[in-house]
Amino acid sequence: MRGIFVAPLLRILPVGLLALSLQRVVFANHPIHDVRLQLVLALVVAAGAGGGADRGAVAGFVLGLLSDASGDTPLGVLALAFGVGGMTAGYLHRFTPDPQWWLAAMFATAGAAVGEMAIPLVKAITGDSGWLNSDLLITVPIVAVSSGLMCPLLMPVGRWMMGVKRKKWKAMAE
Amino acid sequence: MFSALSRRRVIALVVLTCLLFITLDKHGNPVIDRVRGVLATVLQPIDTSLKAIALPIERTWYGITNYDDLERENEALRDQIEHQKGNDVEARSAVLEYRLLLKVLQLTSKFNYPTVEAQVIGESPGNFQNTIEINVGSVDGIRQGMPVTNGAGLIGRITRVYPTHSLVRLITDPAYSVPAQVLSSSDDADSGGRVPGVPVAGTTTTTTTTSPGTTTTAPSAAGGTTTTTAATTTTSALAVVRETGLLQGQGGNKPLLLRFVDSSSSLTNVKVGAIVDTAGGIRGLAPQGIPIGVITRIVAQSADSSEIVEVTPNASLQQLNFVAVVLYVPTDDAVGP
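So, how was this worked out
- Residues numbered from 1 in each chain as written.
- Chains lettered and ligands numbered in written order.
- Predicted model: local features only at pLDDT ≥ 70, side-chain atom pairs only at ≥ 80, totals over all residues.
- Heavy atoms only, no water.
- Helix = DSSP H or I, 4+ residues; strand = E, 2+ residues; numbered from the N terminus.
- Buried < 20%, exposed > 50% of the residue type's maximum accessible area, 1.4 Å probe, protein only.
- Contact = heavy atoms within 4.5 Å.
- Areas by Shrake-Rupley, 256 points an atom, 1.4 Å probe, with all protein chains shown as cover.
- Pairing = 2+ DSSP bridges.
- Patch = residues over 30% accessible without salt bridge, like charges linked within 9 Å, V, L, I, M, F, W, Y side chains within 5 Å.
- Salt bridge = Lys/Arg side-chain N within 4 Å of Asp/Glu carboxyl O.
- Lys, Arg positive; Asp, Glu negative; His and termini not counted.
- Charge placed at Lys NZ, Arg CZ, Asp CG, Glu CD.
- Axes fitted to C-alpha atoms, helices over the stretch in contact; angles between N-to-C directions.
- Parallel < 35°, antiparallel > 145°, perpendicular 65-115°, else oblique.
- Left-handed = near helix turned anticlockwise from the far one by under 90°.
- 1 Å grid on protein atoms, 1.4 Å probe; cavity = no way out; pocket = protein on both sides within 12 Å on 5 of 7 lines; lining within 4 Å.
- Points joined across faces, edges and corners; volume = space filled by probe spheres on them.
- Nonpolar A, V, L, I, M, F, W, Y, C, P; charged D, E, K, R; others polar.
- Buried area = accessible area lost by both parts, 1.4 Å probe.
- Phe/Tyr/Trp six-rings, centres within 6.5 Å; stacked < 30°, edge-to-face > 60°.

Enquirer: Give a description of the overall build of chain B that names residues and reports values.
Expert: Along chain B, the regular secondary structure elements total 5 helices and 15 strands. Every one of the 337 residues in chain B was classed for burial, and the buried ones make up 39%. Summarising the internal contacts of chain B: among those between residues at least 6 apart in sequence, 66% fall at separations of at least 24. With the model as given, the accessible surface of chain B reaches about 18,200 Å², and the carbon-plus-sulfur share is 58%.

The following block contains the structure:
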């Protein structure tokens, strides 16, 4: 358990800070139908799809904490939501240990949908229920699909960030 | 790899730590505030570097794709300026009249508070928070809870302050609420929501600049630049109705909701088009008299028979560039944790 917390932290922090900064400077200023694409969440679900549920949860937790601390949300809200999103995307590894890119993108889409949907839910638990409205029907699909599309590009970064090496398969000698 | 037990442990640890952090931060924790400050300091140079790279690319792209639209918009704006010139004279006269009335009735207004000009340097990165980042902070005298305005009216309040920048929660955020009042007359439709005039003679108004970036405008009897106007307006017998309520954001670009405090408000003259401004008061988040918007729809009656109305903000919150922080510090009760 120590391995998944300590070693990747050295990689996750610089990558996370860069992703967060890109989110604030580029993605925040270019909404699509008033919806801001979520690069940090896309990175979390890519890490989950590439490394499994536990690594996805840890990536979501750390990157979510960074997002919370740089914004106005109570510390832990985005960490919990992103953690759940990363974990959902990581459940892919229950079905296949080395998924194809399109399968990873599908699970990343589902993980991003869960992660984005979890934000207003967690906020509602903390007493800010104003975001649970019909706008979610537009926001969640756009964020989920865009994260799924970004997944193949971000998965190598997510794997490296979490210290996951891609499996090499060898044919058994007869 | 990891056993099922360790995976469950990791996930449980993540969830419990999150809940602990949420609880600590909701109750206010100086350590967490310090961590936020450190992160803001670390992120600033990264943001600046990325902006330096992204801005030229962005501008080139806009130049290629939006040139015709910009030219059309420019022509439309020039037309609009010509029309505004006419309205400006009328508005100046109304402001002078308003300041005189405040002086005569010995009322305080937002004009008694200095302001600090600021530029918007960032928008909220997420879809579930309506915030902006401005380039003034604690070294400029900014404190948590101060109201923020632009030329059109109230836009939000300061929620986090760092040495050189601050976060502003916009009025459209569901977590934002402010006591507000509706000003309407019994004949609102005819008067357009304006307070009727009174005979005026020998008005004295003073405008003083205190320091760079900080301007104070206040009615004064002596000193400074004196503008004397002599005007006479007709007095009508219209009664001005003042309804107080709590104004709340609904998220996104949706209009604001105003819930009246007095359950008998439905019986009064609250009409579409009436002006809404801050109510002030000891527990108010802003001084009295900062314009917020106009009533655009009367939505429904709540359980206690008072009306809920929709208010469209005067300020265009999607295109904020320069804003002013009113140096009014609300009480700790009003600001909250």
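Past the structure itself, the notes keep going.
Enquirer: Can you lay out the pairing of strand S1 (residues 115-123) of chain B for me, pointing to particular residues and giving the numbers?
Expert: Residues and elements named next belong to chain B. As paired strands, S1 and strand S15 (residues 322-326) are joined by 5 bridges and run antiparallel to one another. Following the sheet pairing, Val-116 is matched in S15 by Val-325. In this sheet, strand S2 (residues 131-134) lies alongside S1 in antiparallel orientation, the contact comprising 3 bridges. When the sheet's bridge partners are listed, Gly-122 is paired in S2 with Glu-133.

Enquirer: Before we move on, could you go through a positive patch on the surface and cite the residues and values that matter?
Expert: Residue and element names in this part refer to chain A. On the surface, Arg-11, Lys-165, Lys-168 and Lys-170 cluster together into a positively charged patch. Its place among the elements puts Lys-168 in the segment after helix H6 (136-161). Since its relative accessible area comes to 77%, Lys-168 is described here as exposed.

Enquirer: Lay out the packing of helix H3 (residues 53-70) of chain A against helix H4 (residues 77-90) of chain A with the relevant residues and their values.
Expert: Residue and element names in this part refer to chain A. Remark: H3 packs on H4, axes separated minimally by 7 Å, with the N-to-C direction vectors making an angle of 155°. Classified by the angle their axes make, H3 and H4 are roughly antiparallel. Crossing hand, H3 versus H4: right-handed. Contact residues: Ala-53, Gly-56, Ala-57, Gly-60, Phe-61, Leu-63, Gly-64, Leu-65, Ser-67 and Asp-68 in H3; Val-77, Leu-78, Ala-79, Phe-82, Gly-83, Gly-86, Met-87 and Gly-90 in H4.

Enquirer: Account for empty space enclosed by the protein, naming residues and giving values.
Expert: Residues and elements named next belong to chain A. Enumeration over the complete set of coordinates arrives at 2 cavities of 30 Å³ or more. Within this model, the largest cavity holds a volume of roughly 160 Å³. The dominant element in the lining of the largest cavity, judged by the number of residues it contributes, is helix H5 (residues 101-125), at 3 residues. When the residues that make up the lining of the largest cavity are grouped by side-chain class, the tally is 7 nonpolar, 8 polar and 2 charged.

Enquirer: With reference to specific residues and values, describe the interface of chain A and chain B.
Expert: Taken residue by residue, the interface counts 57 residues in chain A and 52 residues in chain B. Among the residues chain A hides against chain B, the three largest losses belong to A:Asp72, A:Leu75 and A:Trp131. Together they make up 17% of the total. Taken together, the connections running from chain A to chain B amount to 6 salt bridges. In this structure, the salt-bridge partner of A:Asp72 is B:Arg160, at a minimum N-O distance of 3.5 Å.

Enquirer: Summarise the side chain of B:Asn150; cite the residues concerned and give the values.
Expert: Structurally, B:Asn150 is set in strand S3 (residues 147-150). Not counting chain neighbours up to four residues away, the residues in contact with B:Asn150 comprise B:Ile155, B:Ala315, B:Leu320, B:Phe322 and B:Val323.

Enquirer: Could you give an account of unusual backbone geometry, naming the residues involved and the relevant values?
Expert: Residues and elements named next belong to chain A. One non-glycine residue with positive phi stands out, namely His-33, at about 50°. In this fold, His-33 is placed in the loop between helix H1 (2-25) and helix H2 (39-51). Look at His-33 and you get exposed, because its relative accessible area is 66%. Here Asp-34, not a glycine, exhibits a phi torsion of approximately 65°, which is positive.

Enquirer: Describe the packing of aromatic side chains, and please don't skip the residues or the numbers.
Expert: For the structure shown, the criterion picks out 3 aromatic pairs over all chains. Aromatic side chains A:Phe95 and A:Phe107 sit 5.8 Å apart centroid to centroid with 50° between the ring planes, which places their arrangement in the tilted category. Taken together, the positions of A:Phe95 in the loop between H4 and H5 and A:Phe107 in helix H5 put the pair 12 residues apart, joining distant regions of the chain. The exposure class of A:Phe95 is exposed, given its relative accessible area of 64%. Note on A:Trp131 and B:Phe128: the rings are 6.0 Å apart at their centroids and 85° apart in plane angle, and the pair reads as edge-to-face. Linking A:Trp131 in the loop between H5 and H6 with B:Phe128 in the loop between S1 and S2, this pair reaches from one chain into another. For the pair A:Trp131 and B:Phe128, one class covers both residues: buried.

Enquirer: Tell me about the environment of A:Gly52, residues and numbers included.
Expert: Within the secondary structure, A:Gly52 is located in the loop between H2 and H3. Non-local contacts of A:Gly52, meaning those with residues more than four positions away in its chain, are made with A:Ala47, A:Gly90 and A:His93.

Honestly, it's all geometry; don't read function into it.
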